[in-house]
Amino acid sequence: MRRLVTLWAICGVAVAALGLRSSGAQPAAAATTVVTSGTLNASCYRAAATVCKLRVEPFMVGTFFGTRLEALQLQANGQPIWDFRTDVSNPPAGAYGPSPVALDFGAVCGHAYGIALFADDTGQEGLSLVAQTGLVACPLGQAEVYVPLVTR
Amino acid sequence: MKRRGGLVLVGLVIVGLAILASAWWTREEADAAVTGFASPINGGCYIAAPSQCRLHVDPFTININDGAGARLMQFTLYANGNPIYAFTTDVSNPPNYDYTPSPVALDFAARCGETYVMNLVAQDTTDANPLNYGQTGSFTCPAMVP
């Protein structure tokens, strides 16, 4: 009888251990979480007489339930201006804040832009919108006109 | 007697399964240890001006085998297999710790509309040859200023 109890105990432990293992794998596979982001703030400035730049403030994104960040994309008026991928072997989990780009983003002076941030994690297929700004109006470019000086 | 033998057999099967499961977990931990020196790199491409795209890599740390007394010798950042950033450490006193290089000032040149993969190849004194320490997924540079 004692052996029978021991066998059942071993059986129980084995089943529980296997159950724990499979339950550990389930959330990552089944989760359909979407990356979240705090705020997205952006501006447009004139960098030279006819050159305007979009500047996006540093931002954070977060993944949940064991998912990992795979991709980020910034779009201006629906067109990509920054395409970003994480490490294929060790993508980040939890909160991640990409570093600011060095030269900011190209823009056309006088145009207004809506900036949107899209993200993709291992729990979903493809990019989804996580944050966007209102319209950012770029300053008007100031064309420099050189008029020939006529002298007598 | 026959029933007892059957029970013992069932018990042995269960113990065998438990050992197999344990071996599986141990194998996974061993894999994790091998990849423990991986140095993830994350990066992308942005458009900085008309027809001017740039590759930007987030700050990364090169995890060397410092537990074994390794020192970082060199690393190179590649874009589509072409070197874009070559870095060599001090010959007399190379770093003996996980090393984080400072970001470059102007990012890296890229072609607009082209798709890139970046990878980090490094070598410490315990590596016989340079090894791939990290690699991004593929991303595409924007085609034009919106």
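Each value, and the rule that gives it
Going along each chain's sequence as written, the residues are numbered from 1 onward. Following the order in which they are written, the chains are lettered starting with A and the ligands numbered starting with 1. Since the coordinates come from a predicted model, pLDDT governs what is reported: local features require at least 70, and pairs of side-chain atoms require 80 or more to be given and counted, while whole-chain, interface and lining totals use all residues. With hydrogens and water set aside, each side-chain value is computed from the structure's full complement of heavy atoms. Helix numbers and strand numbers start at the N terminus; a helix is a DSSP run of H or I with at least 4 residues, a strand a run of E with at least 2. Exposed residues in this analysis have more than 50% of their type's maximum accessible area, buried residues have under 20%, and partly exposed residues fall in between, with area computed by a 1.4 Å probe over protein chains only. Here, residues are in contact when the closest pair of their heavy atoms is within 4.5 Å. Per-residue and other accessible areas follow the Shrake-Rupley method at a 1.4 Å probe size, with only the shown protein chains counted as cover for residues. For every residue, the pLDDT score states the predictor's confidence, bounded by 0 at the bottom and 100 at the top. Any pair of N or O atoms that falls within 3.5 Å is considered a polar contact. Within protein, one atom must be able to donate a hydrogen and the other to accept it, and sequence-neighbouring residues count only if both atoms are side-chain atoms.

## Details of the overall build of chain B
When you go through chain B residue by residue, the secondary structure sums to one helix and nine strands. Secondary structure of chain B in N-to-C order comes out as α-β-β-β-β-β-β-β-β-β. Looking at chain B residue by residue over its 146 residues, the buried ones come to 40%. Considering only contacts in chain B between residues 6 or more positions apart, those separated by 24 or more positions represent 63%. Accessible area for chain B stands at about 8000 Å²; split by element, carbon and sulfur atoms hold 59% of it.

## Topic: the confidence of the model for chain A
Residues and elements named next belong to chain A. The pLDDT averaged across chain A works out to 81; a share of 72% of its residues lies at or above 70. When pLDDT is averaged over each helix and strand of chain A, the minimum, 44, is found for helix α1 (residues 2-30) and the maximum, 98, for strand β6 (residues 79-85). Per-residue pLDDT stays below 50 along residues 11-32; that stretch engages in 15 contacts with residues further than four places along the chain or on separate chains.

## Here's the deal with the side chain of arginine 54 of chain B
Within the secondary structure, arginine 54 of chain B is located in strand β2 (residues 52-57). Here leucine 106 of chain B takes part through its backbone oxygen, which lies 3.0 Å from a polar atom of the side chain of arginine 54 of chain B. Apart from residues no more than four positions distant in its own chain, arginine 54 of chain B is found in contact with Leu103 of chain A together with Gly44, Cys45, Tyr46, Ala48, Leu106, Asp107, Phe108, Ala109 and Ala110 of chain B.

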